[in-house]
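Below are the chains, spelled out letter by letter.
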Amino acid sequence: MKSLRDHFLRLDARSLGLFRITFGLVLIADLFGRWRWVRDFYSNEGVLPNHNHIFNLRGKQQVFSLLHAFSTVGEAHFAFSLALITYVLFLIGYRTRVFHVLSVVVLVSLTSRNVLLENAGNYAAIAILALTAFLPCGSRFSLDSLRASLSLRDEKRDTALNDRSRASEAEIAAERLPGWSPTSLAALAVLLQLALIYLCTALQQRGEAWRDGTAFYYALHAERLASDAGIWLRDALPLGTLRGLTFGTWAMQLAIPALLFVPALFRWTRGVAAALMVVHGLILGLFFDLGLFGWALAASAPLVLPGELWDVYERSWSEGRARTLVYDADCGVCLLLARLVKRLDLREHLTFQGNVALDDLYVRNQTGATERVPMPKEVTPELVERTALAIDRKGRVYTRGAAVTEGLLALPGGWLAWPLKLPGVSHLLDALYDVVAARRHRISELLGQQACGIPLPEEDDADGGAGPAPDGPAPAVRTARLALGSLREAAVLVVLAAMLAQTAKENPLPGAAAIPQGAVLAGVASWPRMLAKWDVMAPEPPRSNALMVIDGQTRGSQPLDPLTGEEPRLQPAGHPGARLGQLWSDYLDRIRKPEWSDYQRAFRDYLAKGGPLASGEGRETALSGFDAYWVTAPTPAPGAPASSSFEREKLFSHSRGGMGKLGERGLPLAPSLLRQGKPN
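Here is a short report on the structure shown in this document.

What counts as what
One numbering rule holds for all chains: residues counted from 1, following each sequence as written. Given that this is a predicted model, residues contribute local features only at a pLDDT of at least 70 and side-chain atom pairs are listed and counted only at 80 or more, while totals for whole chains, interfaces and linings are drawn from all residues. Note that the side-chain values use all heavy atoms of the structure and ignore hydrogens as well as water. As used here, the term nonpolar core means buried Ala, Val, Leu, Ile, Met, Phe, Trp, Tyr and Cys residues forming a set that is joined through side-chain atoms within 4.5 Å. Residue burial is assigned from relative accessible area. The probe radius is 1.4 Å, only protein chains are included, and a residue is buried under 20% of its type maximum, exposed over 50%, and partly exposed in between. The way it works is that DSSP assigns letters per residue, a run of H or I at least four long becomes a helix, a run of E at least two long becomes a strand, and they are numbered from the N terminus. Contact criterion: two residues are considered in contact whenever any of their non-hydrogen atoms come within 4.5 Å of each other. A strand pair is defined by DSSP finding two or more bridges across the two strands. With axes taken as lines fitted to C-alpha atoms, and helix axes fitted only over the stretch in contact, angles between N-to-C directions fall between 0 and 180 degrees. By convention, the crossing between two helices is left-handed when the near helix turns anticlockwise from the far helix through less than a right angle, and right-handed when the turn is clockwise. For the purposes of these results, a polar contact is taken to be a pair of N or O atoms within 3.5 Å, where, inside protein, one atom must be able to donate a hydrogen and its partner to accept one; residues adjacent in sequence count only when each atom of the pair is a side-chain atom. Criterion for a salt bridge: a side-chain nitrogen of Lys or Arg within 4 Å of a carboxyl oxygen of Asp or Glu.

1. Digging into the nonpolar core
Core analysis: the biggest nonpolar cluster contains 128 residues, and Phe293, Trp584, Tyr587 and Phe603 have the highest contact counts within it. At 11 residues, the largest contribution of residues to this core is made by helix 11 (residues 185–204). Residues in contact with Tyr587, not counting those within four places in the same chain, are Phe41, Val47, Leu116, Leu117 and Phe603. The next biggest cluster of nonpolar side chains, apart from the first, holds 16 residues, and it includes Leu325, Ala329, Ala338 and Leu350.

2. Things to note about the sheet that holds strand 7 (residues 544–554)
The strand order across the open sheet formed by 4 strands is 8-7-9-10, and the pairing between neighbours is antiparallel. Of all strands in the sheet, those with a lone pairing partner are strand 8 (559–560) and strand 10 (647–655), marking the two edges. Pairing geometry for strand 7 and strand 9 (residues 623–634), over 11 bridges, is antiparallel. Considered in strand 9, the bridge of Gln553 is made with Gly625. With respect to the sheet, helix 27 (residues 600–608) is in contact with strand 7, strand 9 and strand 10, its orientation differing from that of strand 10 by roughly 75°.

3. Things to note about the packing of helix 2 (residues 13–35) against helix 6 (residues 96–113)
For the pair helix 2 and helix 6, interaxial distance at closest approach is 12 Å and the crossing angle is 35°. Our pair here, helix 2 against helix 6, has a crossing hand that is left-handed. Contact residues: Arg20, Leu27, Asp30, Leu31 and Arg34 in helix 2; Thr96, Leu107 and Leu110 in helix 6.

4. Digging into the side chain of Asp392
The topology assignment puts Asp392 in strand 5 (residues 389–392). Residue Asp392 is classed as buried on the basis of its relative accessible area of 4%. A distance of 3.0 Å separates a polar side-chain atom of Asp392 from the backbone nitrogen of Lys394. Residues in contact with Asp392, not counting those within four places in the same chain, are Ala322, Arg323 and Tyr398.

5. A short note on the pairing of strand 7
In terms of residue burial, strand 7 counts as a mostly covered element, since 10 of its 11 residues are buried. The pairing of strand 7 with strand 8 spans 2 bridges and is classified as antiparallel. Across the sheet, residue Gln553 finds its bridge partner in strand 8, namely Pro559. The antiparallel hairpin formed by strand 7 and strand 8 contains 4 residues in its connecting segment, where Ser557 sits at a positive phi of about 60°.

6. Overview of the pattern of salt bridges
In the structure shown here, the tally under the stated rule is 30 salt bridges. The salt bridge involving Glu118 is made with Arg529; its shortest N-O contact spans 2.5 Å. Here the residue Glu118 occupies a position in the loop between helix 6 and helix 7 (120–132), and Arg529 occupies one in the loop between helix 25 (518–526) and strand 7, the gap between them amounting to 411 residues. When its relative accessible area of 5% is taken as the criterion, Glu118 is described as buried. As a salt-bridge pair, Glu155 and Arg343 come within 3.1 Å of each other at their nearest N and O atoms. Note that Glu155 is positioned in the loop between helix 8 (143–152) and helix 9 (158–161) and Arg343 in helix 19 (residues 332–344), a separation of 188 residues in sequence. Arg343 carries the same exposure label as Glu155, and that label is buried. Here the salt bridges do not stand alone but share partners, grouping Asp12, Arg14, Arg166, Asp311, Glu314 and Glu348 into one network.

7. Some words on unusual backbone geometry
Cis peptide bonds are those with omega within 30 degrees of zero, and the linkage from Ala538 to Pro539 qualifies with -5°. Mapping Pro539 onto the fold places it in the loop between helix 25 and strand 7. In the Ramachandran plot, Arg529 falls in the positive-phi region, its phi being about 65° despite a non-glycine side chain. Take Arg529: its relative accessible area is 1%, and that puts it in the buried class. Here the phi dihedral of Ala532 falls at roughly 55°; this positive angle occurs in a residue that is not glycine. Summarising the element assignment, Ala532 is placed in the loop between helix 25 and strand 7.

8. A word on the environment of Leu260
Tracing the chain through its elements places Leu260 in helix 15 (residues 239–261). In the structure, Leu260 is positioned 90 residues away from Leu350 in sequence and 35 Å away in space, judged by C-alpha atoms. Dropping the residues within four chain positions of it, Leu260 is found in contact with His7, Phe8, Leu191, Leu194, Ala195, Arg270, Ala273 and Val304.

9. Regarding the sheet that holds strand 6 (residues 397–399)
Strand order in the open sheet formed by 4 strands is 2-1-5-6, and the pairing between neighbours is mixed. Of all the strands in the sheet, just strand 2 (350–354) and strand 6 have a single pairing partner and so form its edges. Strand-to-strand, the axes of this sheet are offset by a mean angle of 25°, without reference to chain direction. In the sheet, strand 5 pairs with strand 6 via 3 bridges, with the strands oriented antiparallel. Looking at strand 6, one finds that Leu389 is bridged to Thr399. Docked against the sheet, helix 19 engages strand 1 (323–327) and strand 2, running at close to 165° with respect to strand 2.

10. Structural notes on the pairing of strand 9
Of all 12 residues making up strand 9, 11 are buried, and the element is well covered by its neighbours. When strand 9 meets strand 10, the two strands line up antiparallel, connected through 8 bridges. Directly across from Ala628, in strand 10, lies its bridge partner Phe652.

11. Examining helix 26 (residues 582–591)
Of all 10 residues in helix 26, 10 are buried, a share of seventy percent or more. Within helix 26 the residues assigned to the buried category are Gln582, Leu583, Trp584, Ser585, Asp586, Tyr587, Leu588, Asp589, Arg590 and Ile591. The secondary structure elements touched by the buried residues of helix 26 are helix 2, helix 3 (38–42), strand 7, helix 27 and strand 9.

12. Concerning the environment of Pro473
Positionally, Pro473 belongs in the loop between helix 23 (440–446) and helix 24 (475–506). Overall, Pro473 belongs to the buried group, its relative accessible area being 15%. Linking Pro473 and Arg386, residues 87 residues apart in sequence, is a C-alpha distance of 47 Å. Setting aside its immediate chain neighbours within four residues, Pro473 contacts Ala174, Glu175, Arg478 and Arg481.

Okay, structure coming up:
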């Protein structure tokens, strides 16, 4: 029973910490992608001014966004700066729970500020981020956990630094030390949410293109869906490989939910599920413009890593990465850095040695025990007074910047430090090291650390402890924790029920009609935009390529399409499309539809001022009139001859209209369509 409980109701603290880092990076990348179009989508100068958005949504959708309070471009930039600070503090784990919740608010605000931009990626990212807010994502790999660990053990000597003994699971849970993760419904809710995203997506992909393996072929030939990397992929790979990717991606969406909940071989099934989540997410994120969908799922893969896999990783000691760091024992900042590095050294590759005794060299073996071996001859008292040292198991001695680099290479992710070995970079690092080393006295004092030259405490007072451990939390603390834990579980239960009801409403699940929603659960799902529409490329990708063409004329009677900055035309062969990105693709695909016609006037006013390429160009790109067309050309079946036919639908006109001189040639043909003899 304990194994089942831990499998379904607990997520390892290390998994939560790694998730916070990967998801934080995805959020920051998404923010910068939106920041590029801050004027166009998030200010009153863009396609949807605040007043227009709020008025048209009145009584139709439940929407909340802090960005409705920011109107001008400058204000929008300020709001995005605050959002970036929030995401960064969540990423590094400072006051993690606070900035986790604020990150949810920021992501909801970005999504709700312009509902014409939202898609399944927004819904998935918000749901995952909101559910994990109930879990201690700052318990490991965070500034919060680092500060707690430093206050828990105050090492003064190398003997304390080399003591890698850890608190027991019971002690961690009783005192909520770094590494704590509760038994909670939130863990089950997270797993269910991930499983349902994959399962519902697969169940809705029932079209013929998914059955015969041509779904990726058609999706990559749709201008709206394919990314720049996807366009390269469709022209580089034969049809047979694209079929394999289609079937493989669909199969992964069915396999991942099963692997998450198989009640046997937990370690390996969860590990395989995490690997498949990364592969699946990268395929969708790299080759398709689906917003946050693929990236959010790939960034969520660490959540399902079980503690057993983390234990295996931390025991995977490598002799080639083992190093002994010799530091200035009576330098406060040197000791502080050693304490920090110790906490980053998950696999215990590093051994620490003060420079006061150089008769022998301390080295750590595979069992974790510290041994003494002869000190390399080049290590002298004069040398260790000038620089820190890193010494490997073969006795090679590294000094100055090279010692810093070797210490970093021994840590998890140490391969990122390899550029520090490059000529020029290594010389700059040496110079920086010399500057810091010459001022380490002053730096120690500024940091409130022990200044160089102050005698160390006696050995029996330097064990790094803070007195005997308490028996447990006080009764009042236990009562408060029980009350707060009960409130947490009640809140999770409400969100979980809302998520299940909303998923059943929006997706074809067996027995879905038996799950009632009601006004309360509907509000819990809709206000934060957890709409659970997992209809990605469903029931199949479009079998045609489509884009919007603006036949416009400037005030000087010159033809201009403000979406491309060029003369309006139906994209003759060899001429690339606008490639404005996912935000514009989703917006243009929605604004053409009758159900979004209330928003077209703001879009027409925006185009009249010059459109997305008008920033800084003033009246030269302002349009005196234009006609908007939705142009569609069929994608030929694999192996079939390409068709030059296309359809043109007029959407709306503005002022005196366009020039009326659009060319009649079709959309550009991808090289993969022209090379009919390409092998399958």
